[in-house]
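Analysis of the macromolecular model
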Amino acid sequence: MEAALLGGFIKVILPRLFSLIDDKYKLHRGVKSDVRFLVKELRMIVGAIDDDELSATSSAAARLSIQDLRELAHGIEDCIDGLMYRATWEHQASFLRRSVRLRPPRALKTGAQLAREMQRLRRMAKEAHERKRRYAADFPAGGQPSSATQLVDESPSSPSDPRILDADLVGVEGPLAELLEQLAEGRPSQLKVIAVVGFCGLGKTALAAEVYNRETRSERFERHAWVYAALKSPREVLADLLRKLSSDAPSCQGKSVLETSDVGQLCTELKQHLVMRRYFIVIDDIRTEDQWKTIKSALPADKDISSRILVTTTIQSVANACSSSNGYVHKMSRLDKMCSKQLFTKKACPDKYSCYKQPDPAEVLKKCDGQPLALVTIGEFLQAKGWPTGPSCEDICTQIGYHLENDKSFEKMRRVLIHNYSTLPSHALKACLLYFGMFPSNRPIRKKSLLRRWLAEGFVEPQPSPSSPDPIAAFNSLMDRNIIEPINLSNNDNVKTCQTYGMMREFILHMSISQNFVTLFCNDKIEPKYVRRLSLHESSATVVDSFSTVDLSLVRSLAIFGKASQTVLDLSKYHLLRVLDLEKCEELKDDHVKDICNLLLLKYLSLGGGVTTIPRDIVKLKHLVSLDVRRTKVQILHVEVFQLPSLIHLFGKFKLTDIVKPKSEVHEFLSKGKSNLETLAGFVTDGSGGFLHLMGYMNKLSKVKILCELPAGCADRTDLKEAIQQFIEDEKQANIGSRSLSLHFGKCCEELLNSLKGPCYLSSLKLHGDLAALPQFVVSLRGLRELCLWSTRLTAGVLEALSNLSYLQYLKLVADDLDKFVVRDQAFCRLLRLSLELQCPTFPTIEEGALPFLVTLQLLCKDLHGLSDLKIEHLKHLKEVTLDPRVTPTTRGTWEKAAREHPNRPKVLLLKSVDAAQSELADYTIASEPAESAIQETSIPALLNQGLVASSSVMREQSTSVLSNMGLSEVSSALT
């Protein structure tokens, strides 16, 4: 496991090391030779690590070698960043030396010092190789399998046999009834596939076993079979199916034939067994789409038979693929607090103590976070230790790491989390997952900020490559595996905030801390080792002495949540920072920001606290990619910020009061097309100013948010009009890509909007202000897929004009009320999502044939009464209805009844209001947990007794001393 993480780290620094040979760094010939030597060494190390991952064994000596190599890799990174820091400073100093005598910063190393450092690293590489050779620790190692390896090699048959799953079910009535109903429903002439998906340990197998056992006792199906698909090839799964279905064939002969048959022969034989028979098959723990495609090809055409297949999987894309045609996906939910307490108490307390005061499970429920396997494991462990005379719940929770390492009853939990981590397809994904350890467990993580931090760290690349995914692909991969879950969704169904939960969170903390990937300061505990990424949580980082032994000069990523001591906030100590997140730092002041301007390698900067101004010296941050001042008190931003050559994202709510002179440095920089700015979100303007002229030079802008504060009676809006007109101009290119405009305006801007002319292009448009009529340029927009309108009143004329936007896919209307309006047949013919947020329940009438492809309908009005004459049966593709959480229980029940009667059985969700500090784009987001009465989404997963196949692991956050002795020497070999 250490090897995989180190391999990913080396792949990140290799290109940077190779770039040092470039002449701009002015290295001595001997130093360049050292660089070339280290590049070759690191490439060999990565190859050896990749080979080691294919081996099932790893010796103790090999694991010690990994520690040597990690120290070498960190030293190389320090040297690279030192050279880059020096080159950046010298480049800037060259422009100022004639007028100002510059004093080199403390972080600057001389050329001689860097040369000596390269020589030391070269010696370290040779010594590490000699040690490996001396102790026969070359990769791949040939040691004996560790206990952790043996844990992964579980038997694929016995734990997944529904006959031996003696499940102790809690809270499964809803999902069980739903799945049984899905088995009975559907077109009689078609095969139906039902997929049950969710993270390991939620009870998928137990729920499927309960359904299977009930069906085998009925007479609805002629054939029944249960197979376990994990760790098996498609041929093995097909052979298992045939064994279960071929009850009349002689066992010995059958086994011989099955062992020698290829996939084609097995498909033919399976079709013969199933043709013209009604069957029910459960495929447990299917993990790849290719596996399903092969199995599906072996199934006969289901002519008027109505057979059923139920699959369980941890991967969302696999579930979608299995159920893509005439299917259904049931996503498992975690247990609520009541059911969690019920299950834990049942497992922890023997029957003979039923009249005894029950243990306080608060800490256990917090650690387990509704995961059934974790509750069962800790409950059984507590009972085995002799409750009530044994350890308390609090004792166990503070020593979970120790118990996980030493108690056999925790093996399943450890095994499943190791599997989820080790099967991630790339080193980059592993690093992205461990980065979640930087964030407090009780705070949702903003998705877009997270992706920008991954980019700044170098885990991912802006464009995907064979060795590294792009940030969106990496995030989607973790979401697809249900390792992270969405907390809030925007109204157009995009994930806005997310988090890891329960035992996966504990495991990530353990891995990131034990590998020195993250140094976590929490409850006055810190690891004074290598500090590459430092995260300070809440108010415990105020103790000055805690940092007296920590070298902060090598920190690459710093995040502070809450208060911090002045020692920590002395930013002059952090020489090599790339990521600085201080938006939640309560003690941040303007004085601290001055030192930020000397962090020459900084790529990501997010500020908050009491900051009121950004110094002009920020122009020194030539590598800065993302600047976020939304949570500061900054109202005026110096135009020099637009001279930053690497800046791509700028967020805030600021004015630019400086007059940009025609021959100024800013003007020269922008007019030459040097700007890389793509996002300019939060620019406040009064309609005039030199900067508006310069926006036209920013030819990479793709997202602009302008807040118009025009003085009353202002007639000259030419500059603003031209800036907007230039941004929305249609170049008639086939693939312009995404282009988003957000305008906040008052009444005096109506003339400005009507003066904009087509042809123009936008993919997303948000208009926030009073609209008497829809501006003509909106109707002429090419490529418009998303449109959001905020107005006091939306007239029938505006609504009628909207219905002509034939390419619109998402429409959000926010108003006090709507004029009476009828959505006619074939209106909004491509619309997929419609959101109506109203003060008065004046909803439009929807004719049959209108909104033919609508998938999501959001009705956000607290005074909504019943269905409000909305006939959702006309919406043939509807899958989801979202209501205001303040509607009455009667109205909610009416909508749930209508949803059950709809052919698609759409989900009924309640909206969750979100603090603006946690939201990047929208005022409201959809809660990931729906209303309790929405059966499809709120179904509580099945819970198991000792036979539960899905399993999980837990690592506690605060027991640093235990975490460091967690037995990674064993866990690492479990990667394969």
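Conventions adopted
- For every chain, the first residue of its written sequence is number 1, and the numbers climb from 1 along that sequence.
- Where local features are concerned, this predicted model is filtered to residues with pLDDT of at least 70; where side-chain atom pairs are given and counted, the filter is 80 or more; whole-chain, interface and lining totals use all residues.
- Derived side-chain values reflect all non-hydrogen atoms in the structure, with water molecules and hydrogen atoms excluded from consideration.
- UniProt positions are given in the numbering used here, feature names are shortened, and annotations may be inferred rather than shown by experiment.
- Secondary structure follows DSSP: runs of H or I at least 4 residues long count as helices, runs of E at least 2 residues long count as strands, and numbering of each begins at the N terminus.
- To be clear on the numbers: accessible area is Shrake-Rupley with a 1.4 Å probe, and residue cover counts the displayed protein chains and nothing else.
- Whether two strands pair comes down to DSSP finding at least two bridges between them.
- Convention adopted: a line fitted to C-alpha atoms gives each axis, helices being fitted over their contacting stretch, and angles between N-to-C directions are expressed from 0 to 180 degrees.
- Contacts were defined at the residue level, with two residues in contact if any of their heavy atoms lie within 4.5 Å.
- Whenever Lys or Arg places a side-chain nitrogen within 4 Å of a carboxyl oxygen from Asp or Glu, that contact is recorded as a salt bridge.
- Relative accessibility under 20% of the residue-type maximum defines a buried residue, over 50% an exposed one, and the middle range a partly exposed one, all with a 1.4 Å probe and only protein chains included.
- Exposure above 30% relative accessible area and the absence of a salt bridge qualify a residue for a patch, where like charges join within 9 Å and nonpolar side chains (Val, Leu, Ile, Met, Phe, Trp, Tyr) within 5 Å.
- Residues scored as positive are Lys and Arg, those scored as negative are Asp and Glu, and His as well as the terminal groups of each chain are ignored.
- Lysine's charge is taken at NZ, arginine's at CZ, aspartate's at CG and glutamate's at CD.
- Only centres within 6.5 Å qualify two rings of Phe, Tyr or Trp (six-membered ring in Trp) as a pair; their planes then separate them into stacked at under 30 degrees, edge-to-face at over 60, and tilted for everything else.
- Counted as over-ring charges are cases with an Arg CZ or a Lys NZ within 6 Å of the ring centre that also lie within 35 degrees of the ring normal.
- By the definition adopted for this analysis, an angle is roughly parallel if under 35 degrees, roughly antiparallel if over 145, roughly perpendicular if from 65 to 115, and oblique otherwise.
- pLDDT measures how confident the predictor is about each residue, on a scale from 0 to 100.

- In the annotation of an unreviewed UniProt entry, the entry for the protein reads NB-ARC domain-containing protein, and the organism field reads Aegilops tauschii subsp. strangulata.
- The record in UniProt for the protein states the following under Sequence similarities (unreviewed entry): "Belongs to the disease resistance NB-LRR family."

**As for the overall build of the protein**
- When helices and strands are tallied, the protein shows 33 helices and 32 strands.
- Accessible area for the protein stands at about 41200 Å²; split by element, carbon and sulfur atoms hold 50% of it.

**Quick notes on the sheet that holds strand E4 (residues 308-313)**
- With respect to topology, five strands assemble into an open sheet ordered E2-E3-E4-E1-E5, the strand pairing being parallel. The strands lining the two open edges of the sheet, one partner per strand, are strand E2 (223-228) and strand E5 (327-331). Strand-to-strand twist of the sheet, defined as the mean angle between neighbouring strand axes without regard to direction, takes the value 10 degrees.
- Relative to E4, strand E1 (residues 192-197) runs parallel, the two being bridged by six bridges. Pairing of Val197 across the sheet is with Thr313, part of E4.
- Sheet contacts for helix H7 (residues 204-216): E1, E2, strand E3 (279-284), E4 and E5; angle to E2, the most-contacted strand, approximately 160 degrees.
- Against the sheet, helix H8 (residues 234-245) makes contact with E2 and E3, and its axis sits at roughly 145 degrees relative to E2, the strand it touches most.

**Considerations on the pattern of salt bridges**
- Scanning the entire structure with this criterion turns up 31 salt bridges.
- Of the charged contacts in the structure, one is a salt bridge between Arg334 and Asp369, with a shortest N-O distance of 2.9 Å. A residue pair is termed long-range when its members are at least 10 positions apart, and Arg334 in the loop between E5 and helix H13 (337-348) and Asp369 in the loop between helix H14 (362-368) and helix H15 (372-384) qualify at 35 residues.
- Under the relative-accessibility criterion, Asp369 is labelled partly exposed at 26%.

**As for the environment of Gln119**
- You can see Gln119 is positioned in helix H4 (residues 111-134).
- A residue is classified by how much of its surface remains accessible, and Gln119, at 37% relative accessible area, is partly exposed.
- Spatially, the C-alpha atoms of Gln119 and Asp34 are 6.9 Å apart, while their sequence positions differ by 85 residues.

**Considerations on a negative patch on the surface**
- A contiguous patch of negative charge, built from Asp360, Glu363, Glu394 and Asp395, is present on the exposed surface.
- Here Asp360 shows up in the loop between H13 and H14.

**A look at the pairing of E3**
- Burial within E3 is extensive, with six of its six residues counted as buried.
- Of the two faces of E3, both are covered, the one formed by Tyr279, Ile281 and Ile283 as well as the one formed by Phe280, Val282 and Asp284.
- Sheet topology note: the E2/E3 ladder contains six bridges and is parallel. Bridge assignment links Tyr228 to a residue of E3, and that residue is Asp284.
- Pairing between E3 and E4: four bridges, direction parallel. Paired with Phe280 across the two strands is Arg308, which belongs to E4.

**What to know about the packing of aromatic side chains**
- One pass over the structure, following the stated rule, counts eleven aromatic pairs.
- On the basis of an interplanar angle of 70 degrees and a centroid distance of 5.5 Å, the ring pair of Tyr212 and Trp226 is categorised as edge-to-face. Taken together, the positions of Tyr212 in helix H7 and Trp226 in strand E2 put the pair 14 residues apart, joining distant regions of the chain.
- With a relative accessible area of 5%, Trp226 lands in the buried category.
- Ring pairing ties together the aromatic residues Tyr435, Phe439, Phe459, Phe517 and Phe561, which thus form one cluster.
- Over the ring of Phe221 we find Arg278; its NZ or CZ atom is 4.6 Å from the centre of that ring.
- Over the aromatic face of Phe651 sits the side chain of Arg630, whose NZ or CZ is 4.4 Å from the ring centroid.

**Examining the side chain of Gln499**
- Along the chain, Gln499 turns up in strand E8 (residues 495-499).
- In this structure, Gln499 is in contact with Ser441, Arg443, Pro444, Ile484, Glu485 and Ile487, ignoring residues within four places of it in sequence.

**Regarding the packing of helix H19 (residues 427-434) against helix H21 (residues 471-480)**
- Relative to each other, H19 and H21 sit at 75 degrees, their axes nearing to 10 Å. It follows from the interaxial angle that H19 and H21 lie roughly perpendicular. Across the interface between the two elements, Leu429, Cys432 and Leu433 from H19 touch Ala474, Ser477 and Leu478 from H21.

**Observations regarding the packing of helix H18 (residues 411-422) against helix H22 (residues 502-514)**
- Look at H18 against H22: their axes get within 11 Å of each other, and the N-to-C directions meet at 70 degrees. As far as their axial angle goes, H22 and H18 are roughly perpendicular. Together, Met413, Leu417, Ile418 and Tyr421 of H18 and Met503, Met504, Phe507 and Met511 of H22 make up the contact between the two elements.

**Describing the pairing of strand E22 (residues 786-790)**
- Counting buried positions over the five residues of E22 gives four, a clear majority of the element.
- Relative to E22, strand E20 (residues 764-768) runs parallel, the two sharing five bridges. Among the inter-strand pairings, Ser764 is bridged to a residue of E22, identified as Glu786.
- Taken together, the five bridges between E22 and strand E24 (residues 810-815) define a ladder with parallel strand orientation. Bridge pairing in E24 places Glu786 opposite Tyr810.

**With respect to helix H20 (residues 447-457)**
- Where burial is concerned, most of H20 is hidden: nine out of the eleven residues are buried.
- Those residues of H20 not exposed but buried are Lys447, Ser449, Leu450, Leu451, Arg452, Arg453, Trp454, Ala456 and Glu457.
- Positioned one or two residues after H20, Gly458 has a phi angle of 90 degrees, which is positive.

**Side note on the environment of Asp290**
- Relative to the assigned elements, Asp290 resides in helix H11 (residues 289-297).
- What makes Asp290 exposed here is its relative accessible area of 55%.
- Sequence separation between Asp290 and Ala321 is 31 residues; the distance between their C-alpha atoms is 9.8 Å.

**Regarding the confidence of the model for the protein**
- On average, residues of the protein score 79 in pLDDT, and 77% of them are at 70 or above.
- Under a pLDDT of 50 for its full length, residues 248-253 has, in the predicted model, zero contacts with residues more than four places off or in other chains.
- Across residues 914-976, confidence stays below pLDDT 50; counting only partners more than four residues off in sequence or on other chains, it has 256 contacts.

**Examining the environment of Asp719**
- Checked against the element boundaries, Asp719 lands in helix H26 (residues 718-728).
- By relative accessible area, which is 14% here, Asp719 ends up buried.
- Each C-alpha atom of the pair Asp719 and Asp686 lies 9.8 Å from the other, and the pair is 33 residues apart in sequence.

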